[in-house]
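Structural features, examined
Chain residues, written in single-letter form:
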Amino acid sequence: MRLLIVEDEKRLALSLAKGLTAEGYAVDVVHDGLEGLHRASESPYDLIVLDIMLPGLNGYRVCSALRAAGNEVPILMLTAKDGEYDEAEGLDTGADDYLTKPFSYVVLVARVRALLRRRGQSGGSPVLVLGRLRVDTAARRVSLGDEEVTLTAKEFAVLEQLAVRAGEVVSKAEILEHVWDFAYEGDPNIVEVYVSALRRKLGAGLIRTVRGAGYRLESPR
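Just so you know, these numbers come straight off a predicted model, no measurement behind them.

1. Thoughts on the overall build of the protein chain
When you go through the protein chain residue by residue, the secondary structure sums to 8 helices and 12 strands. Looking at the protein chain as a whole, 45% of its 221 residues are labelled buried. Restricting to contacts in the protein chain with at least 6 residues of sequence separation, those with at least 24 account for 56%. Counting every atom, the protein chain has about 11,100 Å² of accessible surface; 49% of that belongs to carbon and sulfur.

2. Overview of the packing of helix α7 (residues 172–179) against helix α8 (residues 190–202)
Any two packed helices are characterised by the angle at which their axes cross and by the distance between the axes. Remark: α7 packs on α8, axes separated minimally by 10 Å, with the N-to-C direction vectors making an angle of 90 degrees. Taken together, α7 and α8 sit at an angle that is classed as roughly perpendicular. Contacts from K172, I175 and L176 of α7 reach α8 at I190, V191 and E192. When the residues that make up the contact of α7 with α8 are grouped by side-chain class, the tally is 4 nonpolar, no polar and 2 charged.

3. Focus: the environment of D8
Along the chain, D8 turns up in the loop between β1 (2–6) and α1 (10–22). Distance from D8 to I52, taken between C-alpha atoms, is 9.7 Å for residues 44 residues apart in sequence.

4. Section: the pattern of salt bridges
With the rule as written, the count across this model stands at 14 salt bridges. One salt bridge in this structure joins D28 and R2, with 3.0 Å as the shortest N-O distance. Residue D28 is located in strand β2 (residues 26–30), and its partner R2 is located in strand β1; the two are separated by 26 residues in the primary sequence. With a relative accessible area of 3%, R2 lands in the buried category.

5. Considerations on the UniProt feature "modified residue: 4-aspartylphosphate" (unreviewed entry) in the protein chain
The positions that UniProt labels "modified residue: 4-aspartylphosphate" (unreviewed entry) are, in the present scheme, D51. Inspection of the secondary structure assignment puts D51 in strand β3 (residues 47–51). Excluding residues that lie within four positions of it along the chain, D51 makes contacts with V6, E7, D8, G59, L78, T79 and K101.

6. Thoughts on the packing of helix α6 (residues 153–163) against α7
The geometry of α6 relative to α7 is characterised by a closest axis approach of 10 Å and an angle of 125 degrees between their N-to-C directions. One way to sum up the angle between α6 and α7 is to call them oblique. The crossing of α6 and α7 is right-handed. Contacts between α6 and α7 involve K154, A157, V158, Q161 and L162 from the former and I175, H178 and V179 from the latter.

7. Considering the sheet that holds β3
Reading across the sheet, the 5 strands line up as β2-β1-β3-β4-β5 and stay open at both edges, with parallel pairing between neighbours. Two strands in the sheet have a free side with no partner beyond their single neighbour: β2 and β5 (97–100). This sheet shows a mean twist of 20 degrees between the axes of neighbouring strands, independent of strand direction. Pairing between strand β4 (residues 75–79) and β5: 4 bridges, direction parallel. Its bridge partner lying in β5, T79 is registered against T100.

8. What about the nonpolar core?
Proteins that are soluble and globular tend to have nonpolar side chains buried together. Ranked by size, the top nonpolar core spans 27 residues in total, and within it L133, V142, L159, I175 and L217 carry the most contacts. Among the secondary structure elements, those contributing two or more residues to this core are β6 (127–130), β7 (133–136), β8 (141–144), α6, α7, α8 and β12 (214–217). Ranked by residues supplied to this core, first place goes to α6 with 6 residues. Leaving out residues up to four positions away in the same chain, V142 has contacts with L133, R134, V135, E147, E148, V149, L151, F156, L159 and L202.

Cut-offs applied
Residue indices follow the written sequence of each chain, beginning from 1 at its first position. Reporting in this predicted model follows two pLDDT cut-offs: at least 70 for local features of residues, and 80 or more for side-chain atom pairs to be given and counted; totals over whole chains, interfaces and linings ignore these cut-offs and use all residues. Only hydrogens and water are removed before side-chain values are computed, so all heavy atoms of the structure are retained for them. Elements are defined by DSSP. Helices are runs of H or I of four residues or more, strands are runs of E of two residues or more, and each kind is numbered from the N terminus. Only protein chains enter the accessibility calculation, which uses a 1.4 Å probe. A residue is then buried if its area is under 20% of the maximum for its type, exposed if over 50%, and partly exposed in between. Any pair of residues with heavy atoms lying within 4.5 Å of one another is described as a contacting pair. To be clear on the numbers: accessible area is Shrake-Rupley with a 1.4 Å probe, and residue cover counts the displayed protein chains and nothing else. Between the N-to-C directions of two axes lies an angle of 0 to 180 degrees, each axis being a line fitted to C-alpha atoms and, for a helix, fitted only over the stretch in contact. Any angle that is under 35 degrees is reported as roughly parallel, and any over 145 degrees as roughly antiparallel; angles of 65 to 115 degrees are reported as roughly perpendicular and all others as oblique. Charged means Asp, Glu, Lys or Arg here, nonpolar means Ala, Val, Leu, Ile, Met, Phe, Trp, Tyr, Cys or Pro, and polar covers whatever is left, Gly included. Any Lys or Arg side-chain nitrogen found within 4 Å of a carboxyl oxygen on Asp or Glu counts as a salt bridge. UniProt positions are given in the numbering used here, feature names are shortened, and annotations may be inferred rather than shown by experiment. Each crossing is labelled by how the near helix is turned from the far one, with a counterclockwise turn of less than a right angle marking it left-handed and a clockwise turn marking it right-handed. We treat two strands as partners when DSSP finds at least two bridges between them. Working definition of a nonpolar core: buried Ala, Val, Leu, Ile, Met, Phe, Trp, Tyr and Cys residues. They are joined through side-chain atoms within 4.5 Å.

Structure, rendered in structure tokens:
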């Protein structure tokens, strides 16, 4: 899952990004409304954490512009304001949820997961079943037959990208785009490291390498 944080309080934004990255999400961060609108319009995101009080363009206008353009990405609004009017205005512009600062990080993660789960349920079951392999994208749990398999957050994220397109070839670039953040400039062979780890845990024949194209997830028997 790829998230965008639009927040001008840099310390807060980086703290949220660090925490959500540890949860297994790919996270991009921008600090003003115009850049946030541009990034959200140009790249596919699974959810946006959007502050209201932003330089350039406030969160209400960013949200309204995205909805007017037909972008239905889930939006969780953040604000230092408090009061029913502010919440109503945020929701009226098309936001999906609203959180007032200061907030608990645990609560924010719960809201993010709930919005992603709701979106997943609207587009199909959050549980992917491929033969003996079961990937629960909401609970972030994996089992092979009757045995639960423990994966790291990044391992799960790579597997999820392959599982949602099971039987199709998924390129290394596509995995990098969705699992690592926009600014990642490391070795793209990092994908191979995680695919190798998944093969060790789930079986060597589960993920096939398609030379020059990418990887394909097979249904285990």
